[in-house]
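Listed below, chain by chain, are the residues.
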Amino acid sequence: MAKSKYTLVLAEASLELVPKSLWKHPAVIRNAKRRGKKPSEILLDTSIHYHAMKTLPKREKRGRPDIVHVSLLLALNSPLNQEGLLNIFVHTIENYVISVKSEVRIPKNYNRFVGLMEQLLKYGKAPPEAKEPLMFVKTMKLKDLISKIEPRKVILFSERGEKIRLADVPKLLRRGDVFIIGGFPHGDFEEETYEICDAVYSLYTKTLETWTILSRILTVLEIDNNIL
């Protein structure tokens with residue numbers, strides 16, 4: 001009998017290829033040329049494309065693929081995942097959903113991770129030639145992903161939520177539930193994200209990095225499941 005799992009969704013994540021409106025910007029052209037790729041084939045990264053991004057809508061939430069990198073390393077290597085109790089999805093700010101198999105071992109090196117994500121977003125799966133890819137991507141809104149998962153409950157962690165203690169998380173978040181954490185650096189979730197959630201909680205009075213929130217939630221769930 002299959003184990004009931006927790007489902008992590010990294011939502012509105014800052015992971016995307018450079019949008020068409022920026023393909024002709026000098027910073028984008030230089031970066032693409034240096035890497036031997038087309039502007040349409042490279043990841044948007046604010047540390048490289050900062051000046052090009054000044055005119056982008058919602059630019060404060062975009063161009064941070066490192067957030068996804070660190071979060072995936074943390075989630076995939078967690079004891080909770082190794083014990084087969086975690087499903088992982090990445091929903092991007094451009095409404096793509098990446099399904100990540102639990103056995104994936106993504107590169108620890110950031111540049112290799114960037115290459116992998118570029119390949120994934122270009123071909124729709126990784127490895128591209130695999131019949132059963134370890135990761136694949138589809139155009140999908142967050143609400144459609146939630147409908148597909150059919151969770152018992154959807155919980156969002158946000159500064160706007162009800163303040164709770166970390167020790168209370170296992171009482172509120174059970175197997176079969178989806179928990180959503182933001183995959184962007186600044187700003188707030190879209191209102192449509194709040195609308196699909198059954199509960200919204202906050203763990204701290206100040207802003208926390210995505211990986212800080214994720215690490216604490218994973219740890220307390222591992223303790224509750226007698227893994228640690």
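For clarity, every value in this text was computed on a predicted model and none was experimentally measured.

Student: Explanation requested: unusual backbone geometry in the structure shown.
Tutor: Trans is the common state for peptide bonds, and a negative phi is the common state for residues other than glycine. That bond from A126 to P127 is cis: its omega, -5°, falls within 30 degrees of zero. Even without a glycine there, the phi angle at K58 is positive, about 55°. Looking at the element boundaries, K58 is found in the loop between α2 (46-49) and α3 (65-76). Residues other than glycine seldom take positive phi values, yet N226 does so here, at roughly 60°. Turning to its location among the elements, N226 is positioned in the segment after α9 (210-224). Residue classification places N226 among the exposed positions, given a relative accessible area of 68%.

Student: Looking at this model, I keep getting lost on the side chain of T7. Mind explaining?
Tutor: Relative to the elements of secondary structure, T7 occurs in strand β1 (residues 6-13). A residue is classified by how much of its surface remains accessible, and T7, at 5% relative accessible area, is buried. Look past the residues within four positions of T7 in its chain and what remains in contact with it is N87, F89, I149, D177, V178 and F179.

Student: Would you take a moment to explain the sheet that holds strand β8 (residues 199-202) for this structure?
Tutor: Backbone hydrogen bonds hold the strands of a sheet together, and the pairing may be parallel or antiparallel. A sheet is described by the order of its strands in space; here eight strands give the open sequence β4-β5-β3-β2-β1-β7-β6-β8, paired in mixed fashion. Every other strand in the sheet has two partners, leaving β4 (125-126) and β8 as the edge strands with one partner each. As paired strands, β1 and strand β7 (residues 178-182) are joined by five bridges and run parallel to one another. Counterpart to L10 in the pairing with β7 is I181. Lying over the sheet, helix α6 (residues 142-149) contacts β1, β2 (86-92), β3 (96-100), β5 (135-139), β6 (154-163) and β7, oriented at roughly 170° with respect to β1. Packed on one face of the sheet, α9 meets β1, β2, β6 and β7 and runs near 155° to β7.

Cut-off values and rules
Residues numbered from 1 in each chain as written. Predicted model: local features only at pLDDT ≥ 70, side-chain atom pairs only at ≥ 80, totals over all residues. Heavy atoms only, no water. Helix = DSSP H or I, 4+ residues; strand = E, 2+ residues; numbered from the N terminus. Buried < 20%, exposed > 50% of the residue type's maximum accessible area, 1.4 Å probe, protein only. Contact = heavy atoms within 4.5 Å. Pairing = 2+ DSSP bridges. Axes fitted to C-alpha atoms, helices over the stretch in contact; angles between N-to-C directions.

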